[in-house]
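# Notes for the structure review
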Amino acid sequence: MSDSPLTATRAPSSGFSLFYYASPQTFFPLAGKLLWPTWIIAIALTIAGLYTGFFIAPTDATQGDSYRIIFIHVPAAWMSMVVYLVMAFWCAVGLIFNTRLSFMMSSALAPTGAMWAFIALWTGALWGKPTWGTYWVWDARLTSELILFFLYCGYMALQAAIDDPRRADRAGALIAIVGAINVPIIYFSVKWWNTLHQGASVSLTQSPSMASTMLTGMLLMALAAWAYTIGVALVRVRAIMIERERNTDWVRQLGNAAQAGDSKA
Amino acid sequence: MKPRQKRFALIAVGVIALAGAATLVLTAFEDNMVFFFTPTQVAAREAPQGRTFRIGGMVEEGSLERGADGTSVKFLVTDTVNKIPVTYTGALPDLFKEGKGVVAQGKLNDGGVFAASEVLAKHDENYMPPEAAHALEQAKKAQGTVVQ
Amino acid sequence: MNWESASHFWAMGGYGFFVWGSYAVTALLVAAELVLVARRMRAARAGAARDVAIERIDADRRGRA
Amino acid sequence: MPEPSAPLLETRALTCVRGRARLFAGLDLTVGEGELLHVAGANGSGKTSLLRILCGLSEPESGEVRWRGQPARSVRDDWRGGMLYLGHRNGVKDDFTPLENLHASAAIAGERIADTVLLEALVDIGLAARLDVPARSLSQGQRRRVALARLLADTRSALWILDEPFTALDVRAVAVLAAAMAAHLRRGGALIYTTHQPVDIEAERRQTLNLDDYAC
Amino acid sequence: MPEPSAPLLETRALTCVRGRARLFAGLDLTVGEGELLHVAGANGSGKTSLLRILCGLSEPESGEVRWRGQPARSVRDDWRGGMLYLGHRNGVKDDFTPLENLHASAAIAGERIADTVLLEALVDIGLAARLDVPARSLSQGQRRRVALARLLADTRSALWILDEPFTALDVRAVAVLAAAMAAHLRRGGALIYTTHQPVDIEAERRQTLNLDDYAC
Amino acid sequence: MLSLFVSVVRRDLLLAWRRRSDVLTALGFFLLVTSLFPLGVGPEPEQLSHIAAGVMWVAALLATLLSVSRLFESDEADGTLEQMLLSVEPLPVIVLGKVCAYWLLTGLPLVVIAPLIGLQFNLSADETLIVCATLLVGTPSLSLLGAVGASLTLGLRGGGALIALLVLPLYVPVLIFGAGALDAWRAGLGIQSHLALLSAVLLVALAVCPLASATALRIAQD
Amino acid sequence: MLSLFVSVVRRDLLLAWRRRSDVLTALGFFLLVTSLFPLGVGPEPEQLSHIAAGVMWVAALLATLLSVSRLFESDEADGTLEQMLLSVEPLPVIVLGKVCAYWLLTGLPLVVIAPLIGLQFNLSADETLIVCATLLVGTPSLSLLGAVGASLTLGLRGGGALIALLVLPLYVPVLIFGAGALDAWRAGLGIQSHLALLSAVLLVALAVCPLASATALRIAQD
Ligand code: HEM
Ligand SMILES: Nc1ncnc2c1ncn2[C@@H]1O[C@H](COP(=O)(O)OP(=O)(O)OP(=O)(O)O)[C@@H](O)[C@H]1O
Ligand SMILES: Nc1ncnc2c1ncn2[C@@H]1O[C@H](COP(=O)(O)OP(=O)(O)OP(=O)(O)O)[C@@H](O)[C@H]1O
Ligand SMILES: [Mg+2]
Ligand SMILES: [Mg+2]
């Protein structure tokens, strides 16, 4: 009964792991290239949107100039919902295909989504005072949007509290995916509970009940918000990639380059 | 049961529960969950006496009277069937207009007058410049005269 | 042009507080986020560079030993 | 479909990362029926981490675990049902007596074991005198024994995975446990364990995996 | 007034009762400077209970503990100040790094030890690579090492009382610890410890107390 | 599977019985909050009856929020949780069993004691019945949702605050429907729709929470 | 001895800083209770300002009662408490240090945040000041008394309920003087006598509690 020779041998670390690391490594430079065009588009759209919103779109017949809050309120509200859905999507992809890049995308989006949700709440409250006569009511649309904001906060707080990135990713994914139920509730809440918040002015099935210049301004600002979100998320995801992949070769090469740059300067 | 069958049974139970939830939500919506009463309900004495509640409807055209002190107002809330008189002292929201939606919170006093402590304006999804609104109004009026 | 003068523009038909309150907070948040995100990127790059530096020192030491 | 000829448990190119550190990489191992694998290594070399991967409590960074020739994740129920894991922590409830503890563990594992079998196990491991006290007033070694009594009562599992089973045990208890392990191996079971104590376990076929050799 | 010629620690007719059971009775022992006392005995024989009585954490049922010839209770400060106890539990905070843990322990013990001394102890016990991680992500053996590093940094205590110090330690760490114990004995310190592992500690004078002999 | 569920429930109840007085923590807390209120607020009957449903619901919510973080704690600390994860039996059923036992120990007593509190707050028999009914349907949802939070934050730094952040948004609707039922009834509306919504929340929670919680536990142990 | 005290305080604060969000539990709880109330009770300004002092004091009391049972728990679990008992340093000073850190983490934040809650409850500036002052003098007593309860029940089955049972009778006077001050002031009486009584309680607690708590800890570890 002597010890048999060790059956375990060290395998060359290629094969599976190559596929595994491929995505961040190739995505990093790609994201870098996309960055500047995105910023330029975002700035251009913002300027165009604000100009249309303030100088071309006329005063509203009932609300007067307070309605001009629409140019941020609606893009922010839309983005807060869309970003959450995109986050949930990336999380689901990450859980199914076990790709780390998708989790990184998700955590890169969260702060921006939370910001949009906050802006939607803030501008909505400021808009509510002159129009409805109150900053806040516990109506379904408002409450569910507030819950969306909390969901973003919960996602971020949970990720921050967990040291192990893999566990953080998976735990966050659970919130993102389960919380996604909230988004349709927000969207349809004005139909289901007919309370203070107005119904949809823009929908796929009906022509918009809004003067065309107003609509143009709003859509331009919405597109600007899209571009901004993409830009910020790209920068953040690049930062996250470096933070998490510190001990991989491609980040080392990056560090090498930075060192070289330092010594030149 | 094999583990696989167990899992299937669990999924089935879950789906049934979700379906049950959906039906319950739908039945809840059939009921009046909304936190305001219509003037018709108030007229039918369905609303509570001496307690705070909310009333919702349209401000009757031409019913708005401003008090001498400048801050108290009186108006009728209508759902086109019944009308309830409402009194209120305080600043009105800017969207408060005759013919537009309103939600008021307060109590019904003995005279059947609703004493509001808060008045909120409800606004629809239409946005248009004043000229367009004017034109629309003209058109409506014209149509009205034709029908009459 | 909607506005007769700059003061009209800032008054926003009497809704200046609400409208500019919305836009200002949005601008502030966007600016803050851009700054934070840039700082995070810089910190990440610096960390990677530091790792490489440490590795080099380590390698040097070992080479000498 | 498990292949009858396939080894009980194999790993392919297993890599484990904890925190920032990569503990081991490219680890291949094979454990067949009746085989003993002693995982050795210094403190912090990753023994516990490896064992938790082998029983499915954590996911490897890359690589895969195979159970009877199939990817273990795809035959998860077989895998879990065929394995018994005992970690650093005893899984013993302070408020239960030893017998109640064994019943509770069996219930959670989805088994139903007769009282007599459990009692016999407790007596064999030397807890006969402490059957009616709650575990909170047991000594360190006695608590460990409660956890280990599960092994003596187990005839179902094909593979035992034990993380430092001998800690806190006195010489007699170590001998009892070693005998139980040998019996398990004779029955055709396999055994993976770690220990820092030199303990002799009878086995036909044995391997030692020293994780220090794999340190990155 | 401590008598200089008196042994460091003695017990007179010590009796210990836990729950219903009388663990030992009429236990007399004497430990002098530079002396090693190994407390042996089966699981549950009362080793931990005895050690806790010797360091004053619990009261014996009857009998007394004497410190340098005086009843220990009457010279409590001397007794506490001259002794270092390490129990089953590590006294390691999950959220502190190893160094912070040592600082916190020293502060509680009313000592102030220089960073360099503590760092040296941590390096000696083999934690150099894990200095900046919180204890929660240390392996079992590494945690135990954090607790034991206190011993390496200690030069003040006349008596060490260690309850199973070797659990979870790998071979190298056991050797380091045994060396530290030997050094302590050479310095004239005394040492009382329990273990189930056979570990060789260099000592001029040694005793073994087998509690199984005292079982009632 | 049913036998597994039953044995988990029995195990947790037995455990609780062994630490008897711990069981009463949630109930004691509920009694405390509801009894201290009249003390702090002053004993004006109408005012008390006005705030009764709110106070009772807030107390129930807090009682759950505070105790639920311990739901998996001891199982994690002593290693039983590992064994649960490794069991052939479906983890969601084990979780459901634990939640069920938890509710029997922390939720049900509140429902049972509520009439007493109702008396203290000057509620009529009908009103008391309504509060009890909403609590009966609502507290299981609180337990189920809380379990998800507990498993997500298991072993984390700052579990307490984090669990509140995660779970509270989900509790608020339950609180609003639950406490709102009495107001609706007083306002002359029926309470059917409130109860229907509470039941809907419960059903969704029953379907989703055990699964989510089980997943979170697996993640937490990784 | 002062340096011992300071180093114990620093150690506990550092520990708390490491589990940052845990610190906020008491504060979060306080905010939660005080914010959920308007939600559950309905937002009528006079009513709110009427119950404000009571709600805030009850919330502070509960926040202490719920968190204080953990004061010695982690030290006991990981063996640090044994080391404290074996230290040459006087145990009461160590205990006082721990209580002090505990108050800094759970009592002081309540005092600091109280003005905000005052706003929410529609209190005037003077009224807010009074509530803050009573909280400032009263919460340390709550912490000290709670520590005795915590050490008496350390490691016992059912610590949670027991501690409430033991400590509550001592808390009630503090609650009554504390919440009563505002009412007295509103009634036109001064608040000096209330504050004097609260201070007296604090002084007695300072003298007695560390000693009592230290003794209880020695007994608990036997
Ligand atoms: C805090 C208060 C408010 C919140 C949380 C809020 C939230 C939202 C959300 C989530 C949406 C997007 C949903 C959708 O597209 O249907 C939305 C859309 C919108 N909101 Fe608000 N809102 C608030 C106040 C207001 C106020 C006071 C007004 C104006 C009177 C307003 C006008 C609009 C408009 C015009 C849309 C676009 C609707 C569409 O065409 O889809 N909101 N709001
Ligand atoms: N959650 C974690 N985060 C970071 N590092 C970790 C974590 N868990 C474990 N480690 C590290 O991983 C390494 C391996 O730990 P593991 O528990 O597998 O060691 P082990 O071989 O079982 O050691 P021991 O013999 O001491 O039990 C250790 O260096 C430890 O510090
Ligand atoms: N609180 C208690 N109540 C009742 N019995 C107790 C209590 N604490 C310990 N015992 C019993 O006292 C005996 C001695 O326990 P002790 O921990 O001293 O043993 P030990 O010799 O250290 O054993 P081990 O080698 O397992 O650590 C055990 O049989 C134990 O069951
Ligand atoms: Mg280990
Ligand atoms: Mg012992």
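Residues numbered from 1 in each chain as written. Chains lettered and ligands numbered in written order. Predicted model: local features only at pLDDT ≥ 70, side-chain atom pairs only at ≥ 80, totals over all residues. Heavy atoms only, no water.

### A short note on the overall build of chain D
Counting its secondary structure elements, chain D contains 6 helices and 9 strands. In terms of overall dimensions, chain D is globule-like: its C-alpha atoms have a radius of gyration of 17 Å, near the 17 Å expected for 216 residues. C-alpha atoms of chain D, sized along the principal axes, occupy 50 × 40 × 30 Å. Split into buried and exposed, the 216 residues of chain D put 63% on the buried side. Within chain D, counting contacts between residues at least 6 apart in sequence, those at least 24 apart form 70% of the total. Roughly 7900 Å² of accessible area belongs to chain D as shown, and the carbon and sulfur atoms make up 50% of that amount. In chain D, which carries 26 positive and 27 negative side-chain charges, the distance between the mean positions of the two groups comes to 5 Å. (Helix = DSSP H or I, 4+ residues; strand = E, 2+ residues; numbered from the N terminus. Rg over C-alpha atoms; globule rule 2.2 N^0.38 Å. Buried < 20%, exposed > 50% of the residue type's maximum accessible area, 1.4 Å probe, protein only. Contact = heavy atoms within 4.5 Å. Areas by Shrake-Rupley, 256 points an atom, 1.4 Å probe, with all protein chains shown as cover. Lys, Arg positive; Asp, Glu negative; His and termini not counted. Charge placed at Lys NZ, Arg CZ, Asp CG, Glu CD.)

### Some thoughts on the side chain of D:Lys47
All names here are of chain D. Among the structural elements, lysine 47 can be located in helix H1 (residues 47-54). Comment: no salt bridge for buried lysine 47; closest opposite-charge side chain is glutamate 164, at 5.1 Å. Here the side chain of lysine 47 touches alanine 42 through a polar contact of 2.9 Å, landing on its backbone oxygen. With residues up to four places along the chain from it excluded, the contact list for lysine 47 reads Val39, Ala40, Gly41, Ala42, Thr194, His196 and Leu211. (Salt bridge = Lys/Arg side-chain N within 4 Å of Asp/Glu carboxyl O. Polar contact = N/O pair within 3.5 Å; in protein donor to acceptor, adjacent residues only side chain to side chain.)

### A word on the sheet that holds strand S9 (residues 205-210) of chain D
Residues and elements named next belong to chain D. Spatially, 5 strands are ordered S6-S7-S8-S3-S9 in an open sheet, and the strand pairing comes out parallel. Each edge of the open sheet is held by one strand with a lone partner, namely strand S6 (83-86) and S9. Each adjacent strand pair in this sheet contributes to an overall mean axis angle of 10°, direction not counted. Examined bridge by bridge, strand S7 (residues 159-163) and strand S8 (residues 190-194) share 5 bridges and lie parallel to one another. The partner of tryptophan 160 across the bridge, within S8, is leucine 191. Of the strands in this sheet, strand S3 (35-40), S6, S7, S8 and S9 touch H1, which is tilted by about 150° from S7. (Pairing = 2+ DSSP bridges. Axes fitted to C-alpha atoms, helices over the stretch in contact; angles between N-to-C directions.)

### Considering the coordination of the iron atom of ligand 1
Each pair of donors in an ideal octahedron of six around a metal sits at 90 or 180 degrees, and each pair in an ideal tetrahedron of four sits at 109.5 degrees. All names here are of chain A. Around the iron atom of ligand 1, the protein contributes the donor atoms His73 (NE2) and His197 (NE2), at 2.0 Å from the metal centre. Viewed at the metal, the 6 donor atoms of the iron atom of ligand 1 are separated by angles of 87 to 179°, and the geometry they form is octahedral. Of this pair, histidine 73 sits in helix H2 (residues 70-97) while histidine 197 is found in the loop between helix H6 (182-192) and helix H7 (212-244), placing the two residues 124 residues apart along the sequence. Taken individually, histidine 73 and histidine 197 each receive the classification buried, so the pair is uniform in this respect. (Donors = N, O, S within 2.8 Å, 3.2 Å for Na, K, Ca; no water. Tetrahedral: all angles 85-135°; square planar, octahedral: opposite > 155°, others 65-115°.)

### Points about unusual backbone geometry
Of note, the phi angle at E:Arg68 is positive, near 50°, even though the residue is not glycine. Within the fold, E:Arg68 resides in the loop between strand S4 (62-67) and strand S5 (70-71). Relative accessible area serves as the criterion here: at 24%, E:Arg68 is assigned to the partly exposed category. Its identity as a non-glycine residue notwithstanding, F:Asn122 has a phi of 70°, on the positive side. Within the secondary structure, F:Asn122 sits in the loop between helix H7 (108-120) and helix H8 (125-152).

### Digging into the environment of B:Gly101
Residues and elements named next belong to chain B. By the element assignment, glycine 101 lies in strand S6 (residues 101-108). According to the relative accessible area criterion, glycine 101 is buried, its value standing at 16%. When neighbours within four sequence positions are excluded, glycine 101 is seen to be in contact with Gly57, Met58, Ala121 and Lys122.

### Focus: the site of ligand 3
Taken together, 21 residues lie near ligand 3, and D:Ser139, D:Gly141, E:Lys47, E:Thr48 and E:Ser49 sit nearest. At the site occupied by ligand 3, nearby residues are drawn from chains D and E. The contact in question runs from an oxygen atom of ligand 3 to an N or O atom on the backbone of D:Gly141, over 2.6 Å. E:Asn43 places a polar side-chain atom, nitrogen or oxygen, 3.0 Å from an oxygen atom of ligand 3. A total of 640 Å² of accessible area belongs to ligand 3 in isolation, and the protein chains cover 87% of it. Secondary-structure elements contributing two or more residues to the shell around ligand 3 are helix H5 (140-153) of chain D together with helix H1 (47-54) of chain E. A per-class count over the shell around ligand 3 returns 3 nonpolar, 14 polar and 4 charged. (Near = heavy atom within 4 Å. Nonpolar A, V, L, I, M, F, W, Y, C, P; charged D, E, K, R; others polar.)

### Observations concerning a nonpolar patch on the surface
Residues and elements named next belong to chain A. Together, Val178, Ile181, Ile185, Tyr187, Phe188 and Trp192 make up a nonpolar patch on the protein surface, roughly 500 Å² of accessible area in all. If one sorts the elements of the nonpolar patch by residue count, H6 sits on top with 4 residues. With relative accessibility at 41%, the residue tryptophan 192 sits in the partly exposed group. (Patch = residues over 30% accessible without salt bridge, like charges linked within 9 Å, V, L, I, M, F, W, Y side chains within 5 Å.)

### What about the site of ligand 1?
Surveying the vicinity of ligand 1 reveals 26 residues, the closest of which are A:His73, A:Trp78, A:His197, A:Ser201 and A:Val202. The site occupied by ligand 1 is bordered by residues of chains A and B. Contact distances for ligand 1 include 2.8 Å between a nitrogen atom and a side-chain N or O atom of A:His73. Within the contact set of ligand 1, an oxygen atom lies 2.8 Å away from a side-chain nitrogen or oxygen of A:Trp78. Residue assignment for the shell around ligand 1 shows that the elements contributing at least two residues are H2, helix H3 (100-131), helix H4 (140-161) and H6 of chain A. In terms of residue class, the shell around ligand 1 is made up of 16 nonpolar, 8 polar and 2 charged.

### Considerations on the pattern of salt bridges
Under the defined criterion, the tally for this structure stands at 50 salt bridges over all chains. Among the salt bridges present, the one from G:Glu76 reaches E:Arg89, with a minimum N-O distance of 3.5 Å. One end of the pair, G:Glu76, is in helix H4 (residues 73-77); the other, E:Arg89, is in the loop between strand S6 (83-86) and helix H3 (98-108), on a second chain. Among the ionic pairs, E:Glu202 bridges to E:Arg186, the shortest N-O distance being 3.9 Å. Note that E:Glu202 is positioned in the loop between strand S8 (190-194) and strand S9 (205-210) and E:Arg186 in helix H6 (residues 171-186), a separation of 16 residues in sequence. Accessibility expressed as a relative area gives 59% for E:Glu202, which makes it exposed. In this structure, a network of salt bridges that share partners links the residues D:Lys93, F:Arg11, F:Asp12, F:Asp75, F:Asp78 and F:Lys98.

### Some details on the coordination of the magnesium ion (ligand 5)
Residue and element names in this part refer to chain E. Summarising the metal site, the magnesium ion (ligand 5) is bound by the protein donors Thr48 (OG1) and His88 (NE2), whose distances to it range over 1.9 to 2.7 Å. Taken together, the residues span a long stretch of sequence, with threonine 48 in helix H1 and histidine 88 in the loop between S6 and H3 at a distance of 40 residues. Assessed through its relative accessible area of 25%, threonine 48 is described here as partly exposed.

### A look at the nonpolar core
By size, the foremost hydrophobic cluster in this structure holds 289 residues, and its most contacted members are D:Leu50 and E:Leu50. Of all the elements, helix H3 (residues 45-68) of chain G adds the most residues to this core, at 15 residues. If near-sequence neighbours (up to four positions away) are discounted, E:Leu50 is found in contact with E:Leu14, E:Phe24, E:Leu27, E:Leu29, E:Val39, E:Leu209 and E:Leu211. The next biggest cluster of nonpolar side chains, apart from the first, holds 36 residues, and it includes E:Leu118, E:Ala121, E:Leu138 and E:Leu185. (Core = buried A, V, L, I, M, F, W, Y, C linked by side-chain atoms within 4.5 Å.)

### Observations concerning the confidence of the model for chain F
Looking at chain F as a whole, the pLDDT averages 86, with 93% of positions reaching at least 70. Predicted complex, confidence summary: ipTM 0.81, pTM 0.83. (pLDDT = per-residue confidence, 0-100.)

### Thoughts on the interface of chain C and chain A
Chain C puts 33 residues into the contact, and the matching count from chain A is 44 residues. Carbon and sulfur atoms supply 67% of the area buried between chain C and chain A, which totals about 3400 Å² over both sides. Seen at the junction of chain C and chain A, the total is 2 salt bridges. For C:Arg40, the salt bridge is made with A:Glu243, and the minimal N-O distance between the two is 3.0 Å. The interface formed by chain C and chain A includes 7 residue pairs in polar contact (both at pLDDT 80 or more). Here the side of chain C that touches chain A gets 26 residues from one element, more than from any other, and that element is helix H2 (residues 16-64) of chain C. Its residues assigned to classes, the side of chain C that touches chain A shows 21 nonpolar, 6 polar and 6 charged. (Buried area = accessible area lost by both parts, 1.4 Å probe.)

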